[in-house]
Amino acid sequence: MEPTDISTPGTFHRVIDCQWACPAHTPVPEYIRLIAAGRHADAYMVNWVSNVFPGILGRTCDRPCEPACRRGRVEENNGPGSMRGKPQPVAICRLKRVAADHKGDVRPRMPRPPPEGNGHRVACVGAGPSSLTVARDLAPLGYAVTVFEADPKPGGFMRTQVPRFRLPEEVIDEETGYILDMGVEFVGGTRIDSMRSLLARGYDAVFVGSGAPRGRDLDLPGRRECAASIHVGLDWLANVYFGHVTRIGRRGLVLGGGNTARDCCRSARRLGGEDVRVVVRSGFDEMKASPWEKEDAMHEGIPILDYRVPKAFEHASGRLTGMRFERVRAEYDAGGRRRLVPTGEPDDVIPCDEVLVAVGQENAFPWIERDLGIGFDERGMPVVDGTTHQSTLPHVLFGGDAAFGPKNIIWAVAHGHAAAISIARLLSGRDPRERPAPSASLESQKMGIHEWRYDNAVSHDERFAVPWSEAAKKLDSMRVEVELGFDAATAWKETQRCLNCDVQTVFTRDKCIECDACVDICPTDCITFTANGDEADLRTRLTAPALNLDQPLYVSGPLKTLRVMVKDEDVCLHCGLCAERCPTGAWDMQKFLLLEAHAGAGRTVAGEALA
């Protein structure tokens, strides 16, 4: 293998699994250390630069960082905070909320637009996370940004489809307010019904972040006869938010395996549903909902019935009485493709008074005329460049669910950052395909022979559970927040579980005397000195075979014996014992910090936060 080039930002970025997995590339270990130091405002600003909505995401994020967390790979955890006895990652998402809850007043640290604008006008359609991110990035650069929203307040689906017991409205108001306070013009209660008319207003660029506003329905026998008792989940949640729905029948069925279905069933329990059940086509472990979403629903007494395919709505005298389901099982072909086949058991009829259908979302663009030069594919989705987010009409861009279909808030934020870069480059006469590089730094943490600027002790604590509100356990209020968040003491303990994966073990071959002291002391046997070879062969000849092919090996150049140092980055604890044991200083602990390039003025704020 060729020696690892650590001067390439992607090399050590890959090692920080949580940051690598985050669509917005939030520097997770950095903000966790700031929380541990009690610097909550700094931790908040580090988050804010990357993901824009720390308080919102600290409660609702889909947490792609946590399954990637190294802690979940190197420990066995069957403690009370575990999910089904699996090894547990650091509670990254809930620590984000800690920074938001304890930050104090950060308004003076927010960027401000220049006194005079740059003469460019940008329109954003929809006030969800992707559009607001575009506005956040462009407004400090002098762009005149106008955000159009059909609802009276900004936030999009964050406000209307996420229940208040998960996300208090004051958190949405605060974090959308930071953006509007930058001079962004918000036009609420205004639905854009013609792209042609919008383009005629002379905007230099238009960003479409209108989400996937239409929930899928089920056209089954009995649907029309029972229409009054069957509701599309997305519409129903919005009606709950606006106060149009305040009660539900005693027996409720929710169809769907995603997070929207979880919000529906938990809301139904709070609106009077005494017997609420969730029914899914797939197996329990194959559901799209996050594991914690499933557990929260079951914790509230909501059973999840799997492998049932809906066949019909049962009714009598024009009234819904139940639903009929076919029992199925999963079969897999040689390529791993799944199909559901009937088990031959009798149909399952489940009595119910109301049904909430949450089986997916669809995009709808009837307001975009098809003769404007904006291309659409066979599914009715706009043809969007995956890098620049431009449509086939270059100054019209798409992001969030409107671009590539339903995902989640953090993906929408990442799309907003990318689109803002494209808009800024496009309107300044540069090529949007030429993307600015991230900033990266590598700095030694050495303070003494065996002292570092970070706490390198590996905590043996199990993951700490977030406490629930006693009032919320009554399930009688839509507005009582369920999770209380960590208190300061518990938050500090949880920060100590972080393995500081951004503090890299940097090897200098010219200093190495091949004494193998680092090999002897490594607690995970991740360091090996051996003859070089191709990667497949080398992975099998290490002290502990490196089995995770997704994580590259760290390989040195030839040493004096012509061997090479090989480190399995997959299981390294970043504990620093190799550097402490090395008699020549061939190993050093160096903090790698990567900040993604943005179009907005957030870079200055990040620098202040990290000082």
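Use the structure listed above.
Residue numbers run consecutively from 1 along every chain, following the written order of its sequence. Totals for whole chains, interfaces and linings use all residues, but because this is a predicted model, local features are given only for residues with pLDDT of at least 70 and pairs of side-chain atoms are given and counted only at 80 or more. Values reported for side chains reflect all heavy atoms of the structure, with hydrogen atoms and water molecules removed beforehand.

### Side note on the overall build of the protein
Piece 1. Each helix and strand in the protein was counted, giving 22 helices and 22 strands.
Piece 2. Expected size for 611 residues packed as a compact globule is a radius of gyration near 25 Å; at 26 Å, the protein falls within 12% of this value.
Piece 3. Seen through its principal axes, the protein has C-alpha atoms that stretch 85 × 65 × 50 Å.
Piece 4. A 1.4 Å probe rolled over the protein chains alone gives each residue an accessible area, and that area as a share of the maximum for its type sets the label: buried under 20%, exposed over 50%, partly exposed in between. Scored against the burial criterion, the 611 residues of the protein give a buried share of 56%.
Piece 5. We get accessible surface area from the Shrake-Rupley algorithm with a probe of 1.4 Å; when it comes to residues, only the shown protein chains can shield them. With an accessible surface of roughly 25400 Å², the protein has 50% of that area assigned to carbon and sulfur atoms.
Piece 6. Working convention for charge: Lys and Arg count positive, Asp and Glu count negative, and His plus the chain ends are omitted. All charge positions are set by atom: Lys at NZ, Arg at CZ, Asp at CG, Glu at CD. Charged side chains of the protein number 75 positive and 84 negative; the gap between the two group centres comes to 2 Å. Segments assigned H or I by DSSP are reported as helices when at least four residues long, segments assigned E as strands when at least two residues long, and all are numbered from the N terminus. As defined in this context, the radius of gyration uses C-alpha atoms, and a globule is described by 2.2 Å times the residue total to the power 0.38.

### A short note on the pattern of salt bridges
Piece 1. Any carboxyl oxygen of Asp or Glu that lies within 4 Å of a side-chain nitrogen of Lys or Arg is treated as forming a salt bridge with it. Taken as a whole and judged by the stated rule, the model has 52 salt bridges.
Piece 2. Salt-bridge contacts for glutamate 293 lead to arginine 166; the nearest nitrogen and oxygen are separated by 3.0 Å. Of the two residues, glutamate 293 sits in helix 15 (residues 291-299) while arginine 166 sits in the loop between helix 10 (157-160) and helix 11 (169-180), which places them 127 residues apart along the sequence.
Piece 3. In this structure, lysine 473 and glutamate 470 form a salt bridge, with 3.1 Å as the shortest nitrogen-oxygen distance.
Piece 4. For lysine 473, a relative accessible area of 45% corresponds to the partly exposed category.
Piece 5. Here the salt bridges share partners, and the residues they tie into one network are Asp17, Arg70, Arg73 and Asp570.

### Concerning the sheet that holds strand 6 (residues 230-232)
Piece 1. The pairing criterion is simple: DSSP has to find at least two bridges between the two strands. Spatially, 6-14-7-8-9 is the arrangement adopted by the five strands of the open sheet, whose pairing is parallel. The open sheet has two edge strands, strand 6 and strand 9 (304-305), and neither has a second partner.
Piece 2. Inspection of the sheet shows strand 8 (residues 275-279) paired to strand 9 by two bridges, in the parallel sense. For valine 279, the partnering residue across the bridge sits in strand 9 and is leucine 305.
Piece 3. Only heavy atoms enter the contact rule, under which two residues are in contact if any of them lie within 4.5 Å. Helix axes are fitted only over the stretch in contact, all axes being lines through C-alpha atoms; the angle between N-to-C directions runs from 0 to 180 degrees. Relative to the sheet, helix 14 (residues 259-270) contacts strand 7 (251-255), strand 8 and strand 14 (354-357), its axis offset from that of strand 8 by approximately 170 degrees.

### Some thoughts on the sheet that holds strand 3 (residues 185-187)
Piece 1. Spatial ordering of the open sheet is given by 3-2-1-4-16, a layout of five strands whose pairing is parallel. At either margin of the open sheet sits one strand with a lone partner, and together these are strand 3 and strand 16 (396-398). Strand-to-strand twist across the sheet, computed as the mean angle between neighbouring axes with direction ignored, equals 20 degrees.
Piece 2. With three bridges connecting them, strand 4 (residues 205-208) and strand 16 associate as parallel partners. Within strand 16, the position partnered with phenylalanine 207 by the bridge is leucine 397.
Piece 3. Each of strand 1 (121-125), strand 2 (144-148) and strand 4 is contacted by helix 9 (residues 129-138), which is oriented at about 160 degrees to strand 1, the strand it contacts most.
Piece 4. In the packing of helix 17 (residues 409-427) onto the sheet, the strands contacted are strand 1, strand 4 and strand 16, and the crossing angle to strand 4 comes to about 170 degrees.

### Overview of helix 4 (residues 40-51)
Helical geometry note: an α-helix holds 3.6 residues per turn, so side chains three or four residues apart project in the same direction.
Piece 1. Compared with an ideal rise of 1.5 Å per residue, which puts twelve residues at 16 Å, helix 4 spans 16 Å between its outermost C-alpha atoms and is within 8% of the ideal.
Piece 2. Counting buried positions along helix 4 gives twelve out of twelve residues, so the element sits mostly inside the fold.
Piece 3. Residues of helix 4 that are buried: His40, Ala41, Asp42, Ala43, Tyr44, Met45, Val46, Asn47, Trp48, Val49, Ser50 and Asn51.
Piece 4. The positive-phi residue at the C-terminal boundary of helix 4 is valine 52, with phi of around 70 degrees. Expected span, for any helix, means 1.5 Å times one less than how many residues it has.

### A look at the side chain of arginine 63
Piece 1. Within the fold, arginine 63 resides in the loop between helix 5 (54-60) and helix 6 (65-68).
Piece 2. Discounting residues that sit within four places of it in the chain, arginine 63 has contacts with Cys93, Arg94, Trp292 and Arg463.

### Topic: unusual backbone geometry
Piece 1. For aspartate 525, which is not glycine, the phi dihedral falls at a positive 55 degrees.
Piece 2. As for its placement among the helices and strands, aspartate 525 is situated in the loop between helix 19 (517-521) and strand 19 (527-530).
Piece 3. Relative accessible area serves as the criterion here: at 34%, aspartate 525 is assigned to the partly exposed category.
Piece 4. Of note, leucine 562 is a non-glycine position whose phi angle comes to about 70 degrees, a positive value.
Piece 5. If you trace the backbone, leucine 562 turns up in the loop between strand 20 (553-555) and strand 21 (564-568).

### Remarks on the packing of helix 3 (residues 28-36) against helix 8 (residues 92-101)
Piece 1. With their axes 10 Å apart at the nearest point, helix 3 and helix 8 run at an angle of 50 degrees to one another. With respect to helix 8, the element helix 3 is oriented oblique. Taken as a pair, helix 3 and helix 8 cross one another with a handedness that is left-handed. Contacts between helix 3 and helix 8 involve Val28, Tyr31, Ile32 and Ile35 on the former and, on the latter, Ile92, Leu95, Lys96, Val98 and Ala99.
Piece 2. Partitioning the contact of helix 3 with helix 8 into residue classes produces eight nonpolar, no polar and one charged. Here roughly perpendicular refers to angles of 65 to 115 degrees, roughly parallel to angles under 35, roughly antiparallel to angles over 145, and oblique to all remaining angles. Rotating anticlockwise by less than a right angle from the far helix to the near helix defines a left-handed crossing, while the corresponding clockwise rotation defines a right-handed one. Amino acids are sorted into nonpolar (Ala, Val, Leu, Ile, Met, Phe, Trp, Tyr, Cys and Pro), charged (Asp, Glu, Lys and Arg) and polar (every other residue, Gly among them).

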